[in-house]
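Each chain, letter by letter, is given below.
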Amino acid sequence: MKKRILWICFAVFAASVTLQLVAQPEPVDPVNWRKLAPFLADLKGWETSGEIDGSTVSTGTFKMSIVKGDFVRKGQKLEIQITDGGYVPMAYAGFKAMAQFEIDTSDEYVKKTKIKGFTAIENYQFKRKMATIIILVVDRFMVQLEARGMKDTSELKTIAQLLDLKALAALAK
């Protein structure tokens, strides 16, 4: 009986992995970082702190674009990064793994949420007063917001609402 249950669990797991692999779009070239940079240009209420940094890199079959901006407001610092992994599964593995669990400890919490209809993960570290939100837009673009000195992730959620995630999603087509 135990072997039968083990085989059933294995079969369900194998079917789940197979469906995820079949549903995975074919890798594509990432959007050049210069096309991603405008998504960080005008963040209402925040001033840019330096230049928007970006890169598009290619190593063999793995290609990725990253753009990052630093912002300040009343002594608070905010960093936003957009990553386009071109549907290469390795680029999203960490996010997909984190989205499978929740944590609530005396040190931090991690939980899944939605931002503008997209799956997101929010993390708050109590002692460091560090808030992080990572949004996966159309299973392709990862948008990460991170700030120190916040009491929780609620303010980052408000900031995330300022980002034009719908227009970012349109770049995937």
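Residues numbered from 1 in each chain as written. Predicted model: local features only at pLDDT ≥ 70, side-chain atom pairs only at ≥ 80, totals over all residues. Heavy atoms only, no water.

(A) Region of the structure containing the environment of Lys-68. Along the chain, the position of Lys-68 falls in strand β3 (residues 62-73). With relative accessibility at 21%, the residue Lys-68 sits in the partly exposed group. For the pair formed by Lys-68 and Glu-79, sequence separation is 11 residues and the distance between their alpha carbons is 7.1 Å. Excluding residues within four positions of it along the chain, Lys-68 makes contact with Leu-40, Glu-51, Ile-52, Asp-53, Glu-79, Ile-80 and Gln-81. A polar contact is formed between the side chain of Lys-68 and the side chain of Asp-70, at a distance of 3.2 Å. (Helix = DSSP H or I, 4+ residues; strand = E, 2+ residues; numbered from the N terminus. Buried < 20%, exposed > 50% of the residue type's maximum accessible area, 1.4 Å probe, protein only. Contact = heavy atoms within 4.5 Å. Polar contact = N/O pair within 3.5 Å; in protein donor to acceptor, adjacent residues only side chain to side chain.)

(B) Main features of the pairing of strand β7 (residues 118-125). Burial analysis of β7 places seven of its eight residues in the buried class, which makes it a mostly covered element. Relative to β7, strand β6 (residues 108-115) is paired through eight bridges, and the arrangement is antiparallel. Each residue of the ladder has a partner; that of Lys-111, found in β7, is Glu-122. What sits between β6 and β7 in their antiparallel hairpin is a turn of two residues, with Lys-116 showing a positive phi close to 50°. Judged from the six bridges that link them, β7 and strand β8 (residues 130-137) form a sheet pairing that is antiparallel. When the sheet's bridge partners are listed, Tyr-124 is paired in β8 with Ala-131. The turn joining β7 and β8, which pair antiparallel and follow one another in sequence, is formed by four residues; a positive phi near 50° is taken by Lys-129. (Pairing = 2+ DSSP bridges.)

(C) Representation of the nonpolar core within the structure. Membership of the largest hydrophobic core comes to 36 residues, with the highest contact counts inside it found for Leu-78, Ile-135, Val-143 and Leu-145. Discounting chain neighbours no more than four positions away, the residues touching Val-143 are Ile-80, Gln-81, Ile-82, Ile-133, Ile-134, Ile-135, Val-137, Leu-163, Leu-165 and Leu-168. (Core = buried A, V, L, I, M, F, W, Y, C linked by side-chain atoms within 4.5 Å.)

(D) Structural context of empty space enclosed by the protein. Taken as a whole and assessed by the stated rule, the structure comprises one cavity of 30 Å³ or more. When its volume is computed, the largest cavity comes out at roughly 40 Å³. Residue lining of the largest cavity: Phe-39, Leu-40, Ile-80, Ile-82, Val-143, Leu-163, Asp-164, Leu-165 and Leu-168, and that is the complete set. The residue makeup of the lining of the largest cavity, split by class, is eight nonpolar, no polar and one charged. (1 Å grid on protein atoms, 1.4 Å probe; cavity = no way out; pocket = protein on both sides within 12 Å on 5 of 7 lines; lining within 4 Å. Points joined across faces, edges and corners; volume = space filled by probe spheres on them. Nonpolar A, V, L, I, M, F, W, Y, C, P; charged D, E, K, R; others polar.)

(E) A look at the layout of surface pockets. Approximately 150 Å³ is the volume found for the second largest pocket. For the second largest pocket, the full set of lining residues is Ser-49, Asp-70, Phe-71, Val-72, Lys-77, Leu-78, Glu-79, Met-130, Glu-146, Ala-147 and Arg-148. Counting only elements with at least two residues in the lining of the second largest pocket, the list comes to β3, β4 (76-84) and β9 (141-148). Considering only residue class, the lining of the second largest pocket consists of five nonpolar, one polar and five charged.

Fair warning: the whole summary comes from geometry, so function is off the table for now.
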